[in-house]
Amino acid sequence: MSLYRRGETWHYDFQFASQRYRGTTRCTKKGDAQKHLERLRRDLALGSSDALQEQTLKDVSVEWFNAKVAGTKAEATVAFRLNIMLRHFDGDALISTIGAAEVQAAISRRRVETTRQGKLPSNGTVNRDLIDTTLRPILRFARRNLELKVREIPWSDLRLKEPKGRTRTFSGDEIETWRAGLPEWHRPLFDFINRYGVRLNEAFFPLDAVDVVGGRVALRARKNGGTHYLPLLPDDLSDMKARMGRARDADLATVWFRQKPDGKL
């Protein structure tokens, strides 16, 4: 059937000129839904550009994901957040009907939904789940790439306020005290992080990330998904070469290791 009911609202699903059209009529009465469907079919037959607006948020989201995200390093993270977004928006709503009111309602619902850790999400998490990583780039893709009409949304008014990060500096004595409290085999990694300012996961780069000739390390596990090339100081490069040789001989995936009493790494 071309029309079917989901909850209180009537939806449509049909094909025209080998293209499938699915969406919501936003009508609760079947008679009104039938009239909406007839207008849509007539517009399609006449080649009206308005008919092209009959694409749902879910369909456009899939097109955007396949075109812009699939196959990238961020694929799993974006897929996870996309599922969250579609949980709080009507995926069958027409892309042209998504506006500030829908975004505000979704934000209100997401704020009281507990995370996998059983906690309420932070403002930053809500912003990334529903706006920054999902809906905003999806609507931009719909307008620029699919040439669909989308509504202007005041994003700055809708985004939740996020606390500014506090930059803390440590004195030399604090760093030395901290370092002295670490196991001996942790200290080289501590020194590397302290000297170059990398995150913990970034410091565990694979062996092939070290460019011995160029004297640098390619950090690929970046938060933004890009690659950053880190020039090494001469002494660190020499130490890195020695560590790489030992790591390869021991069939290790990282240059950071602990030597056991029997000599094994």
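Cut-offs used in this document
- Residues numbered from 1 in each chain as written.
- Predicted model: local features only at pLDDT ≥ 70, side-chain atom pairs only at ≥ 80, totals over all residues.
- Heavy atoms only, no water.
- Helix = DSSP H or I, 4+ residues; strand = E, 2+ residues; numbered from the N terminus.
- Rg over C-alpha atoms; globule rule 2.2 N^0.38 Å.
- Buried < 20%, exposed > 50% of the residue type's maximum accessible area, 1.4 Å probe, protein only.
- Contact = heavy atoms within 4.5 Å.
- Core = buried A, V, L, I, M, F, W, Y, C linked by side-chain atoms within 4.5 Å.
- Pairing = 2+ DSSP bridges.
- Axes fitted to C-alpha atoms, helices over the stretch in contact; angles between N-to-C directions.
- Patch = residues over 30% accessible without salt bridge, like charges linked within 9 Å, V, L, I, M, F, W, Y side chains within 5 Å.
- Areas by Shrake-Rupley, 256 points an atom, 1.4 Å probe, with all protein chains shown as cover.
- Salt bridge = Lys/Arg side-chain N within 4 Å of Asp/Glu carboxyl O.
- Lys, Arg positive; Asp, Glu negative; His and termini not counted.
- Charge placed at Lys NZ, Arg CZ, Asp CG, Glu CD.
- Parallel < 35°, antiparallel > 145°, perpendicular 65-115°, else oblique.
- Nonpolar A, V, L, I, M, F, W, Y, C, P; charged D, E, K, R; others polar.

Describe the overall build of the chain, naming the residues involved and giving the relevant values.
Counting its secondary structure elements, the chain contains 11 helices and 6 strands. Relative to a compact globule of 265 residues, whose C-alpha radius of gyration would be 18 Å, the chain shows 27 Å and is clearly more extended. Overall, the C-alpha framework of the chain stretches about 80 × 40 × 30 Å when taken along its three principal axes. Residues classed as buried in the chain amount to 36% of the 265 residues present. Sequence separation of at least 24 residues holds for 52% of the intrachain contacts in the chain that already meet a minimum separation of 6.

Before we move on, can you summarise the nonpolar core with the specific residues and values?
Counting residues in hydrophobic clusters, the biggest one holds 30 residues, and the most contacted among them are Phe-89, Val-103, Leu-130 and Leu-135. Among the elements of the structure, helix H2 (57-69), helix H3 (75-88), helix H4 (100-111), helix H5 (123-132), helix H6 (135-144) and helix H7 (155-158) are those that each provide at least two residues to this core. Core analysis: the next-biggest nonpolar cluster, separate from the first, contains 20 residues, Val-198, Leu-207, Met-240 and Met-244 among them.

Can you lay out the sheet that holds strand E1 (residues 3-6) for me, pointing to particular residues and giving the numbers?
Pairing is antiparallel across the open sheet formed by 3 strands, whose spatial order is E1-E2-E3. The outermost strands of the open sheet, each flanked by one partner alone, are E1 and strand E3 (19-27). In this sheet, neighbouring strand axes are inclined to one another by 25° on average, regardless of whether the strands run parallel or antiparallel. Inspection of the sheet shows E1 paired to strand E2 (residues 9-16) by 4 bridges, in the antiparallel sense. Paired with Tyr-4 across the strands is His-11, a residue of E2.

Give a description of the environment of Arg-22 that names residues and reports values.
If you trace the backbone, Arg-22 turns up in strand E3. Taking the C-alpha atoms as reference, Arg-22 lies 9.2 Å from Ser-2; in sequence the two are 20 residues apart.

Can you explain unusual backbone geometry? Please cite residues and give values.
Backbone geometry follows two general trends: most residues other than glycine have a negative phi, and most peptide bonds adopt the trans configuration. Of note in the backbone geometry, Ala-17 takes a positive phi value of approximately 55° without being a glycine. As for its position among the elements, Ala-17 is in the loop between E2 and E3. The class of Ala-17 is exposed, set by a relative accessible area of 66%. Look at Asp-251: it is not a glycine, yet its phi comes out positive at around 60°. Tracing the backbone through its elements, the reader meets Asp-251 in the segment after helix H11 (234-249).

Let's hear about a positive patch on the surface: which residues, and what values?
On the surface, Arg-136, Arg-140, Arg-143 and Arg-144 cluster together into a positively charged patch. Following the sequence through the fold, Arg-143 ends up in helix H6.

Explain the environment of Leu-237 to me, and be specific about the residues and the numbers.
Structurally, Leu-237 can be placed in helix H11. On a C-alpha basis, the gap between Leu-237 and Pro-188 in space is 13 Å, while along the polypeptide they are 49 residues apart. Leave out the neighbours within four places in its chain, and Leu-237 touches Val-212, Gly-215 and Leu-232.

Go over the pattern of salt bridges, please, and point to the residues and values.
This model, assessed by the stated rule, comprises 13 salt bridges. Of the charged contacts in the structure, one is a salt bridge between Glu-113 and Arg-110, with a shortest N-O distance of 2.8 Å. Residue classification places Arg-110 among the buried residues on the basis of a relative accessible area of 5%. When the shortest N-O distance is used, the salt bridge between Glu-202 and Arg-199 registers 3.1 Å. Salt bridges here are not isolated pairs; linked through shared partners, they connect Arg-81, Arg-87, Arg-110, Glu-113 and Asp-129.

Describe the packing of H2 against H3, and please don't skip the residues or the numbers.
Packed helix pairs are characterised by how far apart their axes lie and by the angle those axes make with each other. Their axes nearest at 12 Å, the elements H2 and H3 cross at an angle of 170°. Relative to H3, the element H2 is oriented roughly antiparallel. Along its contact with H2, which presents Leu-57, Lys-58, Ser-61, Trp-64, Phe-65 and Val-69, the element H3 presents Glu-75, Val-78, Ala-79, Leu-82, Met-85 and Leu-86. A per-class count over the contact of H2 with H3 returns 9 nonpolar, 1 polar and 2 charged.

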